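A look at the structure
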Amino acid sequence: MGYRLKTLGEFIIEHQSQFKYSEGELSRLLNSIKLAAKLVNHEVNKAGLVDILGDSGETNIQGETQQKLDVFANDVFMNILKKRDIVCGVASEEEDDFVVISDKNGGHDNKYIVLTDPLDGSSNIDVNVSVGTIFSIYHRVSPIGSPATKDDFLQKGREQVAAGYVVYGTSTMLVYTTGFGVNGFTLNPALGTWYLSHPNMKFPKGGKIYSINEGNYVHFPQGVKDYLKYCQKEEENRPFTSRYIGSLVSDFHRNMIKGGIYIYPTSTKAPKGKLRLLYECNPMAFLAEQAGGKATDGYKCIMDVEPTELHQRVPIFIGSTEMVEKAEEFMAKFPNDANY
Ligand code: AHM
Ligand code: MG
């Protein structure tokens, strides 16, 4: 990678003036996420070398088995965020409840809250397939000086200040938005430096890739079944092609570059969908919209869904605008069965 490429550190400083009410905290917060991502990357990359693969023997709040690396990634993000004196609270997919963080004086003057899925797609770790980290940043709504409350975390996605993901793939990338477009940075592992490799990322308007776990087909709503048949039909520029890694970050990343749609709908097995509104869907929806794409629950924008609980699940249709809108046309023929 060329040595005169812009680094993530330089990029953050250059764009600091875009954040009207920040006194540099948001830049410092992004810098701490970049550090946490490097630590997790280091561990993920040596997963095959050391005895770190396999179950930690613990389950998270949803009763799913946690992998050791999930626990490691969660600890890294929690610890780094706790120590930086920027956030007043953090919620993680791997924690039962949100964590209140006091400032360096033992008070509660910090302004930001972070929600994170520290290691998404972790069932892929044992088989050496890409995983990711997802993060979402908000201003607190509770008064400065008092401990963070649940209301700080139950804000609509529209209120996000920043969001992003790290994809630990064939190379490691950090992709984020602060509401001024989406930029992607690739890690040079030899130097530990992130370089701006994908400036101003945009979803192609249309695309030919659909990503969904078709093993659940018989359990899908009729609108989804009909849309899949549309994707598979030999007509005009179809059939589309199916690609599903089973790692939201990686599937989203590929679709943003090539044009595509990712769907995790409701099903008779998962009546609310599978993915979490606050840790997964809202941050990816913010990125999608900032990249000219779209994210809905099949009927309305994900970022307009009113959050009611921390670990709430929602169905999601996300990706190239024309593809999402076509899927919505099929969904609109049936009543919304989403039970959330
Ligand atoms: P996780 O947070 O437990 O890792 O689950 C989220 C992941 C997504 O990354 C992925 O797209 C989806 O679950 C795959 O689910 P499924 O195996 O049901 O297709
Ligand atoms: Mg997840």
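Fair warning: this is a prediction, and the values are worked out from it, not measured in the lab. (Residues numbered from 1 in each chain as written. Chains lettered and ligands numbered in written order. Predicted model: local features only at pLDDT ≥ 70, side-chain atom pairs only at ≥ 80, totals over all residues. Heavy atoms only, no water.)

1. Let's talk about the layout of surface pockets
Within this model, the second largest pocket holds a volume of roughly 240 Å³. Lining the second largest pocket we find 14 residues, and of these Val44, Ala47, Ile125, Asn128 and Val129 sit closest to its centre. Its residues assigned to classes, the lining of the second largest pocket comprises eight nonpolar, five polar and one charged. (1 Å grid on protein atoms, 1.4 Å probe; cavity = no way out; pocket = protein on both sides within 12 Å on 5 of 7 lines; lining within 4 Å. Points joined across faces, edges and corners; volume = space filled by probe spheres on them. Nonpolar A, V, L, I, M, F, W, Y, C, P; charged D, E, K, R; others polar.)

2. As for the coordination of the magnesium ion (ligand 2)
Every protein donor of the magnesium ion (ligand 2) is accounted for by Asp117 (OD), Asp120 (OD) and Glu280 (OE), and the metal-donor separations fall at 1.9 to 2.1 Å. Read in sequence order, the donor residues for the magnesium ion (ligand 2) give the motif D-x2-D-x159-E. Under the relative-accessibility criterion, Asp117 is labelled buried at 0%. What makes Asp120 buried here is its relative accessible area of 7%. (Donors = N, O, S within 2.8 Å, 3.2 Å for Na, K, Ca; no water. Buried < 20%, exposed > 50% of the residue type's maximum accessible area, 1.4 Å probe, protein only.)

3. Thoughts on the packing of helix H5 (residues 222–232) against helix H8 (residues 321–331)
Closest axis-to-axis distance for the H5/H8 pair is 8 Å, and the angle between their directions is 130°. The angle between H5 and H8 falls in the class oblique. Helix-helix and strand crossings are classified by hand; for H5 and H8 the assignment is right-handed. Note on element contacts: H8 touches H5 through Met323, Lys326, Ala327, Phe330 and Met331, opposite Gly223, Val224, Asp226, Tyr227 and Tyr230. When its residues are assigned to classes, the contact of H5 with H8 shows seven nonpolar, one polar and two charged. (Axes fitted to C-alpha atoms, helices over the stretch in contact; angles between N-to-C directions. Helix = DSSP H or I, 4+ residues; strand = E, 2+ residues; numbered from the N terminus. Parallel < 35°, antiparallel > 145°, perpendicular 65-115°, else oblique. Left-handed = near helix turned anticlockwise from the far one by under 90°. Contact = heavy atoms within 4.5 Å.)

4. A closer look at the sheet that holds strand S11 (residues 209–211)
Ordered by their spatial adjacency, five strands build an open sheet running S12-S11-S13-S15-S14, and the pairing between neighbours is mixed. A single partner strand is all that each edge strand has here, and the edge strands are strand S12 (241–242) and strand S14 (294–296). Judged from the four bridges that link them, strand S13 (residues 260–264) and strand S15 (residues 316–319) form a sheet pairing that is antiparallel. Among the inter-strand pairings, Tyr264 is bridged to a residue of S15, identified as Ile316. Most of the contacts of helix H7 (residues 277–290) go to S15, to which it runs at about 30°, and overall it touches S14 and S15. (Pairing = 2+ DSSP bridges.)

5. Side note on the domain arrangement of the chain
Domain parsing of the chain yields domain 1 (8–198) and domain 2 (209–338). Spacing between the C-alpha centres of domain 1 and domain 2 amounts to 24 Å. Each partner contributes to the interface: domain 1 provides 50 residues, whereas domain 2 provides 33 residues. Carbon and sulfur atoms make up 61% of the surface buried where domain 1 meets domain 2, a total of about 3100 Å² over both sides. When the area that domain 1 buries against domain 2 is broken down by residue, the three leading residues are Leu154, Arg158 and Tyr165, summing to 21%. Scanning the region where domain 1 abuts domain 2 turns up four salt bridges. For Asp304, the salt bridge identified is with Arg158, shortest N-O distance 2.9 Å. Taken together, the links from domain 1 to domain 2 amount to 12 residue pairs in polar contact (both at pLDDT 80 or more). Residue assignment for the side of domain 1 that touches domain 2 shows that the elements contributing at least two residues are strand S3 (87–92), strand S5 (112–120), strand S6 (131–139), helix H4 (150–153), strand S7 (162–168) and strand S8 (172–177). The element contributing the most residues to the side of domain 1 that touches domain 2 is S6, with seven residues. (Domains from an automatic or database assignment. Buried area = accessible area lost by both parts, 1.4 Å probe. Salt bridge = Lys/Arg side-chain N within 4 Å of Asp/Glu carboxyl O. Polar contact = N/O pair within 3.5 Å; in protein donor to acceptor, adjacent residues only side chain to side chain.)

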